[in-house]
Structures are given as structure tokens and as C-alpha cells.
Amino acid sequence: MDGQGPSPVLESCATPEPNALQKHPFWRSLLHHREIGVACALVVVFTVFFSMQRHFLSAGTLGDIVTVAAELGVVAVGASFLMISGEMDLSVGSNFAFSGMLLAMLITQYNWNPILAFIAALACSAGIGALNGLITLSIGIPSFITTLGAMMFWRGVALYLTQGWPISIFEDIPLLRWLGGSKVFATVHISAVWWLIIGIIFWIILQKTPYGNWVFATGGKRGAARALGVPDFKVKLINFTLIGLLAGLGGCFQLGRMGSMSPVWGQDLALEAIAASVVGGNALTGGVGTILGTLLGAITMASIRIGLVMIGAPAYWYMSFVGFIVVAAVALNVKLGEVISWKK
Amino acid sequence: MEKMTSPAPSHVPVIEGIKLCKWFGRVAALKDVDITIERGKVVGLVGDNGAGKSTLIKILSGVHRPDSGELWFEGKKVELNSPRDARKLGIETVYQDLALVETMSIARNFFLGAEPKIRFGFFNLLDGRKMRQATEKMLRDIGITVRSAHQEVSTLSGGERQAIAIGRTMHFGGKVLILDEPTSALSVHETNKVLSYIDEARNRGLSVIFITHNLYHVYPVADKIIVLEHGRKVGDFRKEETSVEELIDIIVHGIRGDRRAVNNASG
Amino acid sequence: MKRFVGLLLVLSLVFVLGGIPVSVAAADEMTFYVIAHTGPGDPFWAVVQKGVQDAGKVLGVRAIFQGPAGYNVPEQVNMFKAAMEAKADGIATSISDARAWAEPIAEARSRGIPVVAINCQEPDELRGTIPYMAYIGMNEYEAGKMVAYRLLPKLEKGARVVVAIHQAGHVGLEARAKGITEVITEELGGTVDKLDITQDATQAIGILRSYLKANPDTAAIFTLGPLGAIPTIKMIKDDGLKDKILFASFDLDSNTIQAIKEGICIGTVDQQQYLQGFMAVVELYLNAKFKLDPADYDTGRGWVTQETAEIVELLVEQGYR
């Protein structure tokens, strides 16, 4: 405008370039891993228990924790894998008990060769999983419902098989020693080693193979995956079968460790496996997840159980403490999720 | 790393659909629709809601099978039983909502369904390095700046996502790129960018089919415009033969008798 | 984000501080664990827990009762192992499975931790395979037979009775059921049906009702514990079956006592489970401190009827029986 003095020069705001390449400090980039939430939870749990009971960090205790975590963890790995592809399985506890019972029965009452019996039990448990998958996917019922029914059905079958009685195996059977009976190091049972191996295998499949990419896509957005040619039906069906197989394997591990199996054990397994998965950073709705997180989640759950006994807390506390940890860990994961996807 | 479209005799149309029909129950979604797509041309597919545009492209991309009619690809008769068949031929489709999985990274999305593999004995492993490098190059070519190829797609804007989906097609040597409402949720700036990618695709020899409601978007880039109404083709024009106003008129009011529009197989 | 992490730390701190009174033990205070195969929710075990805690007070030691929320042997074994790792001075456990306890108890003994068994044992044919030092509890099978014998005079030849089990597969309960079944079928030539009524009271009533509807000639109901007795008593009252069907149970709780006083229930077996908790701690303590060998202790097979109900009721209310 005429006659006016020069307008004050406005400094243009430095507009930050969207998504400009900024190097984060190392610790910040650590946060981009989905497992940080459960790692924190684990540290908190360990600190709390150690401060109250100095024997908590002994080799013996840690060995117990890992052994206990293994039976839950094997199933939790399967649960995560299935959850990432967008489905869930509530029948794992019944599958677990049924398969363990079947293995015990075939060995003791029908005198099968233990190895053959083991293969048969696993084939059955995988079959149960596949059946869950077929019903869910072909008819279009939500997996929650299908597996809820399956949970009740197979539990009933397990009870019927022995009229409610447990089966114990008194002979020393090498297979059972290999499955969970023998200890490899102090208090660590061999089942923990198998669990670690299974964890590694599934980690590789999920993160490092094309199939793993399909699993993420099928759970993340089934329609998009299908439109790009991913065989979503096959992927989900395979995952149902895998979790069934792992549930049966878990049951066999427990038979190996205990020497007995009862049709009423494993009742809380489905929910505990799901809890271990979500604590570990897997999303209940699917599409994102981590196997390492699941392993840590299972260890967290096991630590709580063992820790509460060691500090002499009344047994009733277990439920409350687990509930608290689950909600806190998931909340932490949600907050971290925002960092992980580079929004912050 | 884009593959050049392999040369077929240039007079042979890339895609030819002859008398395509599709019924859903008792509703005719498509009735006797002929469509010809030439190499290196952009075709706009317009029409009001329910005209059958979606159904037509789903047939071309292998999602639906036509109840009657034939499909020809580069001079050979084909039957598409799944999206995978279509992708194998080189027909890539970008759906409005179904192009990318938001929870996965850009690199994983880019190679979804066509993952680069390393053979490891009996197993296939992902070639992570190849994925990252190819993705980064594509992002540079398009002009999107990100922190990492491993960022989640949900961090990108709508236009950027469309760009990636289109870039994916060009990378995989597609011969035909089908876009379902690519500009409907975008800003002016982003719309412009997407239209320029379509142009770029045409320059590289791809054919593009572009569904939209917005005639002002499609008209500038299209070589040919096909109008559908209630499952039938009611208009097939070269760009020069018509105008936006006339197209709007046809869509709103139906066919006008004094136009040599119906089933004009010009190209 | 920072606020959130801060909140999390505060909450953890609360838990830690809340936990301190639980665990702060004088360095030389002795700690004993009594681990059952279930715990929370079963009124039977609440009495055992009282016995455990009272013994702790009397002896001036830390006595801790533990048990999984539902019947779960692997859980129980895990707790046993945790107690071992906590360097307990003595552990008592119920032998809830014929096979699973051999190794853990052997391990504990090899570390010099005294172990006694309470409440239930392995089946007779396997006696001696599990290295606990003494058994403090009742013989389930014999008790089952005893109850059946008590009711025998009131039953006719060939009568039908039902045994309602609230924890199918539980070794001890199944043994009680076995005792009843054998006596009824052998002495009376009667029919015995075993019914799984679950631990949930509402479901139990439903299941029982359906059974009685299908078998209106049922002469007697046997339940194997308060979790079975409570729904049965309610059903008998609601359906007016008081003098039409005989009813006997195991173990004491105020509901069952009241039912005995009212004549709904003929009698119940008193396991005197307070002793199982109290004496377990005492015997472990004596062994840990003075190396005195523990001895088997039969906690009795009291039979409570209308005559003795009043006195016993008082003690039940106080949590001693």
C-alpha cells in the first residue's frame, strides 16, 4: 500500500517436511519394536517379585518359569499366528486335554508303539484345528462361535473317553522323556527347548517368508489381500490347523512332564494363550503381531504364577494380578503402536 | 525395475470384451456389453450409480466370471478364474479401499502377492533387501519422502497411497491398469498428481481403465470414454467426439436419439 | 506418553508397597507351605487354610496356604516347585494324582525339604511309590463305604441311588464314590448312577432335577462335599422332597449342618480337615527344627447327625470344622 512504511517482515514458519528423513536417537528407534511393551512388563514383574523375594532370580526359579511357560507358550505361539491372520480359537484347552489323553490311552490301553501313538495324537489335534477352520470359513460363522462349540464338544469327548478319570503312565517311556520328562539344565525341562525351537521356526515363517506376508495381509485387510491374489481361505485354514497341532503338542508335553493326563486340565488355556499373545503385542483384531512378543508374554504369565507363590501371596491374587498386567501391557502396546507406525 | 510391456502387434487390442453379461440373482448387472481397450490408451468408464462399472471391471480383473460373453487378451481367448489369473496376464487392479493393507509396511504392501524369494533348500524366504531397495526406488521415482520403506502405510496420505498402488502396478510389468475411483477422496493437489501418474503410465505403454464419477477428472486424460447405464453400454466416444457437458447430459438424461453414440466401436 | 509411563510406574509401586507386608520375613523366620489341589472358592479348604494359619501363629512361623482356582494338578505341581525354589522349610501337599508327584517330591526330599501328604493319597496299589514322609488325612474309599453302610438300613433291596460328583476326575472324590457304589451294589443289589453336577451351583440344580425327573424312583442322593450338598439342599427344599428322598453328604459346612438339623440330610462325614492343615504344619515344623519323624495321622471319620449337629454347627461357624 502507498504511503505506509515497509510492512514488518514476517518470518515464515519453518514448516517441518512431512515424513522428512530424521534420524532418531538409538533409544527412540528401540521403541519402534512391538516387543517393547511386553519387555517393560517383564522387567516390572521381575523387579516387583525380586524386591520381595530374593530367591526369585535364582537359576532354579528361572528354570521353573521357562518350563511352565513352555506348555502355555507352545499354544500361545499358535494362537498368535492365528490371531494375526484374523481368527481365534477357544477350543485349544479341550484339544490340549483330548490329545494328551489320546496319547496316554493309546500307549497304556491299546499298547500302541509310543511314536505311532504320538503321530496319531498330533494328527487328531491338527484335524480338530482343520475342522474348526473348515466350519468357520465354509459356513461363515465367526471363529469365536465355532471354537466355543468345539471347546465344549471335545471336552465332553475327553471326559467320555475315561469317564472322568485321569490316566497315568508308570512305565518309563523314552518318548515321554523326550517330550517333557527329562531335564536339560537344572530345573529346565526339555519341553522348554522344544518351545524355543518352535518359537524360532514360527518367527521365521511369519517375518521372513512370503507366507508370513500373506498372514499379515489376510488379517490386516482380507479383501485387499484377496484382490492381490493372496489365497486367504487357504492361509486361514492352514493357521487353524497349525494351532490345533500346537495345542496337541502342548498336551503331549504336559503328559511327558507329569506322567499323567486328566480330561479336566487345560480349561483356562485358551484365554491364557490369548492373554499371553496380547500382552506380547499381538492385536486381537489381527493384522499385526510378533512371535518374540508372544514368547515374552508367556514368560510374563508364568513369572507371575511362580512369583506369587514365592512371595506367599494368597492364591486369589493370581487372577487380579494377571488382569492388571494384561490391561497395562495392552495399554502400553497401544501407546507404543503410535510410535511404531512412525506417527510420533 | 519396470518391465517394458511386451510387444504384441499394435493393432490388436489389449483387452476385448464381447457381449459380456452378468446376473446377480434376478438383477442384470451387465447386459451385452462390448468393450475394447487398445494398447497405450486411457479409457474412462463412467455412469451413474448402479450402472455396472464395478461389475465390469471385476470381470476384467478376475473377481467375477461372466455368465455369458467372451474375454480376449492380446488376441487370445481367456478365462479368468481368480484375481491371480488376471495378475498373471498383467491386468492389475487398484480398488478404492482395497489397494493397500494399512497395518503393513510400504515394502510389504508393494510386494504383496508377488513377493521376491530366496530359495533355501525346500523353503522360500523373503528377499528383504530386494524389497527394500525396490520400494525405496519407487518412492523416489514417485516423489514421496518417507523415513523408511518399513513405515506403515497408515502414515501416508490418500494420494500417496494411490500413488504407491499405481507404482506397484507399473513395477510389476502390468499391461493394463484398472483404477476404481482413484480420485474420489483426494484433494485438488493430490488429484493432479494421480492424473499425472496415469499420464506417465500411458507414456510407458500401459493401458489404463479409469472408473470415476467425476467427468472433469477423467476427460483431460482419457483417450476414450465409455458410458454405462443400467448394465448396458450407452456411449462409446473418442475424446474429440464429445465434451464433458454432453457426457453429463447423457448420464443424467439417457441416450439421445440423434447421436451416433450407441455401440460405436471407434478407437 | 510420558504421563502414561509415569502412571504405570506409580501403579507398580503401589503393588510393591502393598506386597511388602506380605513378604517381609525376618531372615531367620521359618516358612512352610501347604499346597492343595484347589483352594479359592471351596469352603472345605477355607477350614484347612485356617488350620494352617493358626498353626503358624501358634508356632511363630510363616505358614502359607496355596491352591489353584480350580482342580488342576499341573498348576499345583508348579506351585510346589515354586515353594521349593523359595527355599521353604517344609511343604505339605495333597496327592491329587497317582503319577505326577513322584518326581517333584523326590526332588524336594533330595534338597532336604521335609514333605508330608494331606487330604488324599495315591491309590492303595501304588502305596510307597511317592516319597512323602507321612499322610495326614482320611481314607476316602473307606469313608464312602461307611456312609453307604449308614444308609443301608433305610434302603430297600434293589434301590436306585445317585452319587452326585462335583469335580469329575478328582481322585479322592472318585474314591468316595467307589466306596458307596460298591456297598450299594454288593449289599443291596441296587443301581448306582454317577452324575457330574459341576462346581457351578445353578447348573448342578438343573442337572439333578433332570435326573430325578427321568428317574422318579430314586431312593437316595449322595453328594461328596459342600459344593455338591449346597445345590442339593436347595433343590430338596424348593421341590419339597424332604421326606421323599434320603440324602447324605461329606464334609461340613453351615448349610449341610442346618440341613441335618432340619432333617433334610441324614448325616455327613466329617473329615476334620482343620487337622489336615494344622497338623501338617506342626509335623513339618518338628521335623525341620528337631528332625523328629512325622507320623501318619488319621483325621477321623466323624459322622455328624441330628444329635450332634448343634455343637458341631458352632464350630463350623467359627471356621474350625
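Residues numbered from 1 in each chain as written. Chains lettered and ligands numbered in written order. Predicted model: local features only at pLDDT ≥ 70, side-chain atom pairs only at ≥ 80, totals over all residues.

Novice: Please give an account of the overall build of chain A that cites residues and values.
Specialist: Helices and strands together make up the secondary structure of chain A, namely 14 helices and four strands. Counting only residues that meet the buried cut, chain A has 58% of its 344 residues in that class. In chain A, 79% of the contacts between residues at least 6 apart in sequence involve partners at least 24 apart. (Helix = DSSP H or I, 4+ residues; strand = E, 2+ residues; numbered from the N terminus. Buried ≥ 20, exposed ≤ 12 C-beta atoms within 10 Å, placed from the backbone. Contact = placed C-beta atoms within 7 Å.)

Novice: Run through the packing of helix α4 (residues 128–142) of chain B against helix α5 (residues 158–171) of chain B, naming residues and quoting values.
Specialist: Residues and elements named next belong to chain B. With their axes 10 Å apart at the nearest point, α4 and α5 run at an angle of 115° to one another. Where α4 crosses over α5, the handedness of that crossing is right-handed. Across from Ala134, Met138 and Ile142 in α4, the residues of α5 making contact are Ala163, Gly167 and His171. Split by residue class, the contact of α4 with α5 holds four nonpolar, two polar and no charged. (Axes fitted to C-alpha atoms, helices over the stretch in contact; angles between N-to-C directions. Left-handed = near helix turned anticlockwise from the far one by under 90°. Nonpolar A, V, L, I, M, F, W, Y, C, P; charged D, E, K, R; others polar.)

Novice: Please set out the confidence of the model for chain A residue by residue, giving values where relevant.
Specialist: On average, residues of chain A carry a pLDDT of 87, and 89% of them reach 70 or more. Low confidence marks residues 13–22 of chain A, where pLDDT is under 50. Its contacts with residues over four positions away, or in another chain, come to eight contacts. (pLDDT = per-residue confidence, 0-100.)

Novice: Residues and numbers for the interface of chain C and chain A, please.
Specialist: At the junction of the two partners, chain C supplies 40 residues and chain A supplies 40 residues. Broken down by secondary-structure element, the contributors of at least two residues to the side of chain C that touches chain A are α1 (2–23), β2 (62–66) and α3 (73–85) of chain C. When its residues are assigned to classes, the side of chain C that touches chain A shows 22 nonpolar, ten polar and eight charged.

Novice: Just give me the short version of the nonpolar core, but keep the residues and values in it.
Specialist: Ranked by internal contacts, the top residues of the largest apolar core, which has 280 residues, are Val75 of chain A, Phe210 of chain B together with Val34, Ala83 and Val281 of chain C. Looking at which element gives the most residues to this core, the answer is helix α3 (residues 59–84) of chain A, with 15 residues. In terms of domain composition, this core takes at least three residues from each of domain 1 (29–138 + 272–301) and domain 2 (140–270) of chain C. Once residues within four sequence positions are removed from consideration, Val34 of chain C is found in contact with Val52, Ala63, Phe65, Ala92, Ile118, Gly277, Ala280 and Val281 of chain C. (Core = buried A, V, L, I, M, F, W, Y, C linked by C-beta atoms within 7 Å. Domains from an automatic or database assignment.)

Novice: Could you give me a rundown of the confidence of the model for chain B, with the residues and numbers involved?
Specialist: Should the pLDDT be low somewhere, the predicted coordinates at that spot are not to be read in detail. Residue and element names in this part refer to chain B. The predicted model of chain B has a mean per-residue pLDDT of 82, with 91% of residues at 70 or higher. Scored below 50 in pLDDT, residues 1–5 shows eleven contacts in the model against residues more than four places distant or in partner chains. This model gives residues 257–267 a pLDDT under 50, and the stretch forms 18 contacts once residues within four places in sequence are excluded. Predicted as a complex, the structure gets a pTM of 0.80 and an ipTM equal to 0.83.

Novice: Any details on helix α8 (residues 190–208) of chain A? Residues and values, ideally.
Specialist: Here α8 of chain A spans 27 Å end to end across 19 residues, near enough to the 27 Å set by a 1.5 Å rise per residue. Among the residues of α8 of chain A, Ile190, Ser191, Ala192, Trp194, Trp195, Ile198, Gly199, Phe202 and Leu206 of chain A are the ones counted as buried. (Expected span 1.5 Å × (residues − 1).)

Novice: Provide a residue-level description of the sheet that holds strand β1 (residues 15–24) of chain B, including the pertinent values.
Specialist: Paired through their backbone hydrogen bonds, the strands of a sheet run either parallel or antiparallel. Residue and element names in this part refer to chain B. Strand order in the open sheet made by the four strands is β2-β1-β4-β5, with antiparallel pairing throughout. Because the sheet does not close on itself, it has two edges, and the strands there are β2 (27–37) and β5 (76–78). Taking each pair of neighbouring strands and ignoring which way they run, the sheet shows an average axis angle of 30°. Pairing of β1 with strand β4 (residues 68–73), which is carried by five bridges, proceeds in the antiparallel orientation. (Pairing = 2+ DSSP bridges.)

Novice: Could you give an account of unusual backbone geometry, naming the residues involved and the relevant values?
Specialist: In the Ramachandran plot, Asn111 of chain A falls in the positive-phi region, its phi being about 55° despite a non-glycine side chain. You can see Asn111 of chain A is positioned in the loop between α4 (92–108) and α5 (114–140). You will see that Gln272 of chain C, though not glycine, has its phi angle at about 50°, which is positive. Looking at the secondary structure, you find Gln272 of chain C in the loop between β10 (267–270) and α10 (273–290). For Gln272 of chain C, a count of 22 C-beta atoms within 10 Å puts it in the buried group.

Novice: Describe the interface of chain A and chain B, naming the residues involved and giving the relevant values.
Specialist: Facing 26 residues of chain A, the contacting portion of chain B comprises 28 residues. Breaking the side of chain A that touches chain B down by element, the ones donating at least two residues are α9 (210–220) and α10 (222–227) of chain A. In terms of residue class, the side of chain A that touches chain B is built from twelve nonpolar, nine polar and five charged.

Novice: Requested: an account of the packing of helix α5 (residues 140–151) of chain C against helix α6 (residues 171–188) of chain C, with residues and values cited.
Specialist: Residues and elements named next belong to chain C. Where α5 meets α6, the axes come as close as 7 Å, and the angle between the chain directions of the two elements is 40°. One finds that α5 runs oblique with respect to α6. Handedness of the α5/α6 crossing: right-handed. Between α5 and α6, the residues in contact are Glu140, Tyr141, Glu142, Ala143, Gly144, Lys145, Val147, Ala148 and Tyr149 and Gly172, Ala175, Arg176, Ala177, Lys178, Gly179, Ile180, Glu182, Val183 and Ile184, respectively. Taken together, the residues of the contact of α5 with α6 break down into ten nonpolar, three polar and six charged. (Parallel < 35°, antiparallel > 145°, perpendicular 65-115°, else oblique.)

Novice: Please provide a residue-by-residue account of the environment of Glu71 of chain A, values included.
Specialist: All names here are of chain A. In this structure, Glu71 sits in helix α3. Overall, Glu71 belongs to the buried group, with 30 C-beta atoms counted inside 10 Å. Through-space distance from the C-alpha of Glu71 to that of Gly250 is 5.3 Å; in sequence the pair is 179 residues apart.

Novice: Any chance you could break down the pairing of strand β7 (residues 117–120) of chain B for me, citing the residues and the numbers?
Specialist: Residues and elements named next belong to chain B. Here β7 runs beside strand β8 (residues 123–126); their pairing, made up of four bridges, is antiparallel. Of the residues in β8, the one forming a bridge with Arg119 is Asn124. The antiparallel hairpin formed by β7 and β8 contains two residues in its connecting segment, where Gly121 sits at a positive phi of about 65°.

Novice: Explain the arrangement of the chains residue by residue, including any values.
Specialist: Taking contact number as the criterion, the leading pair out of two pairs of chains in contact is chains A and C. No part of chain B reaches chain C; the closest C-alpha pair between them is 19 Å apart.

Novice: Talk me through helix α7 (residues 174–181) of chain A; I want residue IDs and the actual numbers.
Specialist: All names here are of chain A. Within the sequence span of α7, burial applies to Leu176, Leu179, Gly180 and Gly181. The buried side chains of α7 occupy one side of the element, clustering within an arc of 125° when seen end-on. Along its buried surface, α7 packs onto β3 (188–189), α8 and α11 (232–258). (Arc of directions from axis to C-beta.)

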